[in-house]
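Structural description and commentary
Next come the chains, spelled out residue by residue.
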There are 2 protein chains.
Amino acid sequence: MSATARVPAHDEMPAGKAESVLAAAEQCFLASGFGAVSMDAIARAAGVSKATVYAHFASKEALFGAVVTRLSERRFGGFSVDALDPRAVEASLTTIAQRFLELILSPEAIALNRIIIGEITRFPVLGEVFWAAGPERTRAQTEAFLGRVAEAGALAVPDARLAAEQFLALARGEIHLRHLLRLDGDIDAATVGGAARHTAATFLRAFSSG
Amino acid sequence: MSATARVPAHDEMPAGKAESVLAAAEQCFLASGFGAVSMDAIARAAGVSKATVYAHFASKEALFGAVVTRLSERRFGGFSVDALDPRAVEASLTTIAQRFLELILSPEAIALNRIIIGEITRFPVLGEVFWAAGPERTRAQTEAFLGRVAEAGALAVPDARLAAEQFLALARGEIHLRHLLRLDGDIDAATVGGAARHTAATFLRAFSSG
DNA sequence: GTCTATACAGTGATAGAC
DNA sequence: GTCTATCACTGTATAGAC
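Heads up: these notes are all about the structure in this document. Bear in mind the structure is a predicted one, so any value in this text is a computation, not a measurement. Position numbers for residues count from 1 along each chain, tracking the sequence in the order it is written. Whichever chain is written first is A, and whichever ligand is written first is 1; the rest continue in order. The model is predicted, so local features are restricted to residues of pLDDT at least 70 and side-chain atom pairs to those at 80 or more, both for listing and for counting; the totals for chains, interfaces and linings are taken over all residues. Only hydrogens and water are set aside when side-chain values are computed; all heavy atoms of the structure are taken into account.

Some remarks on the interface of chain A and chain B
When checking whether two residues touch, look at their non-hydrogen atoms; a contact exists if any pair is within 4.5 Å. Every contact between the two is made by 36 residues of chain A and, on the other side, 36 residues of chain B. Once two parts are put together, the accessible area they lose, assessed with a 1.4 Å probe and summed over both, is termed the buried area. Interface of chain A and chain B: buried area, both sides summed, is about 3400 Å²; carbon and sulfur atoms make up 67% of it. Among the residues chain A hides against chain B, the three largest losses belong to Ile117, Trp131 and Leu181 of chain A. Together they make up 19% of the total. We define a salt bridge as a contact between a side-chain nitrogen of Lys or Arg and a carboxyl oxygen of Asp or Glu at a distance within 4 Å. Inspection of the region where chain A meets chain B yields 0 salt bridges. Any pair of N or O atoms that falls within 3.5 Å is considered a polar contact. Within protein, one atom must be able to donate a hydrogen and the other to accept it, and sequence-neighbouring residues count only if both atoms are side-chain atoms. The tally of links from chain A across to chain B stands at 4 residue pairs in polar contact (both at pLDDT 80 or more). Helix numbers and strand numbers start at the N terminus; a helix is a DSSP run of H or I with at least 4 residues, a strand a run of E with at least 2. Among the elements of the structure, helix 6 (107-118), helix 7 (125-133), helix 8 (135-151), helix 9 (160-172), helix 10 (175-180) and helix 11 (189-207) of chain A are those that each provide at least two residues to the side of chain A that touches chain B.

Observations regarding empty space enclosed by the protein
Any empty space left between the atoms is revealed when a probe the size of a water molecule rolls over them. Both cavities and pockets are sets of points on a 1 Å grid over the protein atoms alone; in a cavity a 1.4 Å probe fits but cannot get out, in a pocket the set is open with protein on both sides within 12 Å along at least five of seven lines, and lining residues sit with an atom within 4 Å of a point. Grid points are joined across faces, edges and corners, and a volume is the space filled by probe spheres set on the points. For the structure on display, the rule yields 6 cavities of 30 Å³ or more. Within this model, the largest cavity holds a volume of roughly 140 Å³. Every residue along the wall of the largest cavity is listed here: Arg172, Gly173, His176, Leu177 and Leu180 of chain A together with Asn113, Ile117, Arg172, Gly173, His176, Leu177 and Leu180 of chain B. At the level of secondary structure, the elements contributing two or more residues to the lining of the largest cavity comprise helix 10 of chain A together with helix 6 (107-118) and helix 10 (175-180) of chain B. Of the residues in the lining of the largest cavity, the class split is 5 nonpolar, 5 polar and 2 charged. Here the term charged refers only to Asp, Glu, Lys and Arg, the term nonpolar to Ala, Val, Leu, Ile, Met, Phe, Trp, Tyr, Cys and Pro, and the term polar to all other amino acids, Gly among them.

Some words on the layout of surface pockets
Here the largest pocket defines a volume of roughly 710 Å³. Mapped onto the lining of the largest pocket, the elements with two or more residues apiece are helix 1 (16-32) and helix 6 of chain A together with helix 1 (16-32) and helix 6 of chain B. For the lining of the largest pocket, the per-class residue count stands at 17 nonpolar, 13 polar and 10 charged.

Structural notes on the packing of aromatic side chains
Pairing of aromatic side chains here covers Phe, Tyr and the six-membered ring of Trp, requires ring centres within 6.5 Å, and sorts the geometry by plane angle: under 30 degrees stacked, over 60 edge-to-face, intermediate tilted. Counted by the stated rule, this structure contains 16 aromatic pairs over all chains. Between the aromatic rings of Phe167 of chain A and Phe203 of chain A, the centroid separation amounts to 5.1 Å while the plane-to-plane angle is 80°, which identifies the pairing as edge-to-face. Separated by 36 residues along the polypeptide, Phe167 of chain A in helix 9 and Phe203 of chain A in helix 11 bring together distant segments of the chain. What makes Phe167 of chain A buried here is its relative accessible area of 0%. Judged by centre distance (4.8 Å) and plane angle (65°), the ring pair of Phe34 of chain B and Phe64 of chain B falls under edge-to-face. Taken together, the residues span a long stretch of sequence, with Phe34 of chain B in the loop between helix 1 and helix 2 (39-46) and Phe64 of chain B in helix 4 (residues 60-76) at a distance of 30 residues. Pair check on accessibility: Phe34 of chain B and Phe64 of chain B agree, each one buried. Per-residue accessibility, obtained with a 1.4 Å probe over protein chains only, is compared with the maximum for each type, and a residue is labelled buried under 20%, exposed over 50%, and partly exposed between these values.

Considerations on the side chain of Thr199 of chain A
If you trace the backbone, Thr199 of chain A turns up in helix 11. One polar contact links the side chain of Thr199 of chain A to the main-chain carbonyl oxygen of Ala195 of chain A, over a distance of 2.8 Å. Aside from chain neighbours lying at most four places away, what touches Thr199 of chain A is Ala97, Phe167, Leu170 and Ala171 of chain A together with Gln166 of chain B.

Quick look at the relation of the copies chain A and chain B
Copies are brought into register by a least-squares superposition over C-alpha atoms of residues with pLDDT of at least 70 in both. At an RMSD of 0.1 Å, chain A and chain B line up after a rotation of 180° and a shift of 0.0 Å along the axis. Classification of the inter-copy transformation places it as that of a two-fold axis. Same-surface contact between copies: 100% of interface residues of chain A are shared with the interface of chain B.

Remarks on the pattern of salt bridges
Residue and element names in this part refer to chain A. Summed over all chains, the structure comprises 20 salt bridges over all chains. A salt bridge links Asp40 to Lys50, with the nearest nitrogen and oxygen atoms 3.1 Å apart. Residue Asp40 is located in helix 2 (residues 39-46), and its partner Lys50 is located in helix 3 (residues 50-56); the two are separated by 10 residues in the primary sequence. Assessed through its relative accessible area of 39%, Asp40 is described here as partly exposed.

What about the protein's contact with DNA strand C?
For DNA strand C, the set of nearby residues contains 14 residues, the closest of which are Thr52 of chain A together with Met39, Lys50, Tyr54 and Lys60 of chain B. Restricting attention to atoms of DNA strand C within 4 Å of the protein, one finds that 58% of them are sugar or phosphate atoms. In the model, a sugar or linking oxygen of DNA strand C is placed 3.4 Å from a nitrogen or oxygen of the Lys17 of chain A side chain. Here a phosphate oxygen of DNA strand C sits 3.0 Å away from a polar atom, N or O, in the main chain of Ser49 of chain A. Those elements that place two or more of their residues in the surface near DNA strand C are helix 3 of chain A together with helix 3 (50-56) of chain B. Nearness here has a simple test: a residue counts as near a molecule or strand if at least one of its heavy atoms is within 4 Å of that partner.

Some words on the nonpolar core
The set of buried Ala, Val, Leu, Ile, Met, Phe, Trp, Tyr and Cys residues whose side-chain atoms join them within 4.5 Å is what this entry labels a nonpolar core. Formed by 138 residues in total, the largest nonpolar core has its most connected members in Phe29, Leu63 and Leu93 of chain A together with Phe29, Leu63 and Leu93 of chain B. Not counting residues within four places of it along the chain, the set of residues in contact with Leu63 of chain A comprises Val21, Leu22, Ala25, Phe29, Met39, Ile42, Val53 and Phe57 of chain A.

Read these as layout, nothing more, since geometry by itself doesn't imply function.
So, in structure tokens, the structure goes:
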């Protein structure tokens, strides 16, 4: 055995060791959850010693919280439907459903959702963090869009918030739970497109102004 | 079954220690998940020694699998909508949505769902067990009911399977995820009733035969 | 701050007496 | 089958050198 220190291959970011610990912890936790990952494994993946990990994060729980919070905000922060045309109702609704499905069915989002749900008893606050970054944001965006649609007179939407919840529930369908349970493989573009069209069609029938 | 009047010393465990281990493990796993529960804690809760636990279950994993399988089937086996009238569409759909919500939002079902999702990476087969006992069963029941409704001409349902999925997705809404994330307290009868009525009303607008 | 080495508690699982 | 006592191992967290 050589005494030379092993340098991790993809440590190209000059953001310091704290960042590399955080990145390594992200990958480990997403892959295996909280309980199955040891601080040794995280330190090894980050290319630092365990003492260095503890120099930046007080405990495994604190590190987990930091990882989940950052991941939630980074993952769902980009969802926006501001640019869609409220007069092309069916096309825009189909696009919203498709973007929503691609977001929540992405491997990273599914893995994040799994570990939060699984550890919610131990980390109750993470539920609120995740909700604010994810479902709350997508719902608010959709609600605002439906408000613009109603203003344009293209649909009859007496309660935009309820309608947005129902639209997203329809889009989520049973696919989301099937992915959480590992019953379906990776996302298929055709399947997502079909689900998005079914969602928009059913929603339109229920809320058409005629 | 003997006719002799032989009174056991303790009425607490009429079904033997294997059953009491299973019952204790159910409570422990539901309360804290897989990783946070030790075999010592289960043995203590069952009132037996750890060696007795291992005399009946080969490993912690095997015990966990037995618990989850039994719980899934016991919990969701009773869901049936055979007795509902397909001509009283709105009332029957509201009842289905209400029963469905009461089932999936019950504390036991939520806790079961949590630990399965959280440990699905370690126990992939449990996803199939849970799906067959829960979502698959409720969907098949609802689909059969919608088939009878379409036969009676009360609704236009070209694809009963898709319609059943959409109906249950609408019923699940965002409440289910909020409960999984511990964001809502125990179920409120008025809230469930309201959600069930909204579900039935929206579904009826989308699938009315007129 | 970062490393090596280690303290200390807790875990799953088993041996042997009864 | 059931118990008590114990094993081998892994985990988190820390002490002390540099």
